[in-house]
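Next come the chains, spelled out residue by residue.
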Amino acid sequence: MKAIQARAAGDPDVLALVDLPDPEPGPGELLVEVAAAGVNFIDTYRRSGVYPVPFPHVPGSEGAGRVVAVGDGVADVAAGDRVAWSDAAGSYAERVLVRADRALPVPDGVPDDVAAALPLQGMTAHYLVASTFPLEPGHQVLLHAGAGGVGLLLTQLAVSRGARVVSTVSTEEKAELARAAGAAEVIRYDQLEDLTRDLPPLVREATDGGAHVVYDGVGRATFDASLASLRRRGLLVLFGGSSGQVPPLDLQRLNAAGSLFVTRPTLGDYVATTEELRERGSALFDAVLDGSLDVRIGARFPLGEAAQAHRDLEGRRTTGKVLLEP
């Protein structure tokens, strides 16, 4: 099979298209023909060495496709079924092994590309608004990178729960996408001279005194502004670091700023069981089918152009979801 291999830690040029043997499903595993694989920031962290992984390795953990074979002990999935997944290592390939208990059944009516775009970013958006800080009517939200893959989905889910969303974006095109997703206010941070100084007053004005919760997947570049944009006893949810990792935090800053809270969640802890995983997946697929959730595919690349997909993602030149299609 064709697959992308990261030969060593480094920039996107370390990614190469190679021929590898087809994997064989072991007990409890599915062999899936990949229809589309999701490209995510965590893939770039692993490729660059921010997150330690062995090299060489096949990147990617998300996708959708059709089961072509099942291993021993698999009872609830059969060859021919369509599935999606968020945590199957080696998804930048024509075929991948997926644990049967981590597979999401894809209902009829959900296209392969949409199914591939939802698991990681969709379930991330879902746990952020439903579990980490359960949004309710009247909550004021600040969301960074509101036109990104998580951002567009999170905005729609937040608004559906009655929250009011203020998004930050970097271009007018992205501002239009954020508004279309339901953002009540959009702030162009590229027009601010000093983000930490200039953003919080705008947020406090837009949210009547500060955000109840800030969802921050950008990290180093936005963290200080995020803290300063919260109202008393507000929560900063740091769920990613696309601009770099946040330095260690002096906890006394939380006291001085109004008894604030900070959390650094990860998807794995919110889909730890098969039941919770499939509940979140089903909620997202149901929202797609009833028309309440629009999934934007912002860019598609052939499998062999994975390096360019990484360059565009890291260069913040993408909106919505980025896919590789074997």
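Residues numbered from 1 in each chain as written. Predicted model: local features only at pLDDT ≥ 70, side-chain atom pairs only at ≥ 80, totals over all residues. Heavy atoms only, no water.

Attention shifts here to the layout of surface pockets. There is about 170 Å³ of room inside the second largest pocket. Forming the boundary of the second largest pocket are His 126, Val 129, Ala 130, Gln 156, Leu 157, Ser 160, Arg 161, Ala 283, Leu 284, Ala 287, Ser 292 and Leu 293. Looking at the lining of the second largest pocket, the elements with two or more residues in it are α3 (119-132), α4 (149-160) and α9 (274-289). Of the residues belonging to the lining of the second largest pocket, the class tally is 7 nonpolar, 4 polar and 1 charged. (1 Å grid on protein atoms, 1.4 Å probe; cavity = no way out; pocket = protein on both sides within 12 Å on 5 of 7 lines; lining within 4 Å. Points joined across faces, edges and corners; volume = space filled by probe spheres on them. Helix = DSSP H or I, 4+ residues; strand = E, 2+ residues; numbered from the N terminus. Nonpolar A, V, L, I, M, F, W, Y, C, P; charged D, E, K, R; others polar.)

Tracing the backbone through its elements, the reader meets Gln 5 in strand β1 (residues 2-6). Residues in contact with Gln 5, not counting those within four places in the same chain, are Val 14, Leu 15, Ala 16, Val 18, Leu 20, Pro 56, His 57 and Pro 59. (Contact = heavy atoms within 4.5 Å.)

What follows deals with the nonpolar core. With 44 residues, the main nonpolar core has Leu 118, Leu 135, Leu 154 and Tyr 215 as its most contacted residues. Elements with a contribution of two residues or more to this core: α2 (112-117), α3, β8 (140-144), α4, β11 (211-216), β12 (230-238) and α9. With 6 residues, the top contributor of residues to this core is α3. In this structure Leu 135 touches Val 129, Val 141, Ala 158, Arg 161, Ala 163, Val 213 and Tyr 215, once residues within four positions along its chain are discounted. (Core = buried A, V, L, I, M, F, W, Y, C linked by side-chain atoms within 4.5 Å. Buried < 20%, exposed > 50% of the residue type's maximum accessible area, 1.4 Å probe, protein only.)

Once that is clear, we can look at empty space enclosed by the protein. Using the criterion set out here, one finds 1 cavity of 30 Å³ or more in the structure. Taken together, Ala 117, Gln 121, Gly 149, Leu 152, Leu 153, Val 295, Arg 296, Gly 320 and Lys 321 make up the full set of residues lining the largest cavity. Looking at the lining of the largest cavity, the element that brings in the most residues is α4, giving 3 residues.

If you walk through the whole model with that rule in mind, you get 20 salt bridges. Asp 87 is paired through a salt bridge with Arg 102; the nearest N and O atoms lie 3.1 Å apart. In this pair, Asp 87 is assigned in the loop between β5 (82-85) and β6 (95-99) and Arg 102 in the loop between β6 and β7 (104-105), connecting sequence segments 15 residues apart. Residue classification places Asp 87 among the partly exposed residues on the basis of a relative accessible area of 40%. Put simply, Glu 172, Arg 179, Arg 188 and Asp 190 are held in one network by salt bridges that share partners. (Salt bridge = Lys/Arg side-chain N within 4 Å of Asp/Glu carboxyl O.)

Pairing is parallel in the open sheet, where 6 strands are placed in the order β10-β9-β8-β11-β12-β13. Edge positions in the open sheet fall to β10 (185-188) and β13 (261-263), since each of these has one partner strand only. Taking each pair of neighbouring strands and ignoring which way they run, the sheet shows an average axis angle of 15°. Running at roughly 165° to strand β9 (residues 164-169), α4 makes contact with β8, β9 and β11 of the sheet. Of the strands in this sheet, β8, β9 and β10 touch helix α6 (residues 195-206), which is tilted by about 170° from β10. (Pairing = 2+ DSSP bridges. Axes fitted to C-alpha atoms, helices over the stretch in contact; angles between N-to-C directions.)

Within the secondary structure, Ala 64 is located in strand β4 (residues 63-70). The buried category is assigned to Ala 64, whose relative accessible area is 1%. As a C-alpha pair, Ala 64 and Leu 199 span 135 residues in sequence and 39 Å in three-dimensional space. Setting aside chain neighbours within four positions, we find Ala 64 in contact with Glu 33, Val 34, Ala 35, Ala 36, Val 83, Ala 84, Trp 85, Asp 112, Ala 115 and Ala 116.

For residues besides glycine, phi is generally negative; the peptide bonds are generally trans as well. Residue Phe 55 is joined to Pro 56 through a cis peptide bond whose omega torsion reads -5°. Relative to the assigned elements, Pro 56 resides in the loop between α1 (41-48) and β4. Notably, Ala 145 is not glycine yet its phi reads approximately 55°, a positive angle. With respect to the helices and strands, Ala 145 occurs in the loop between β8 and α4. Overall, the relative accessible area of 19% leaves Ala 145 in the buried class. Even without glycine at this site, Ser 259 takes up a positive phi of about 55°.

Without other data, these values stay purely geometric and don't point to any function.
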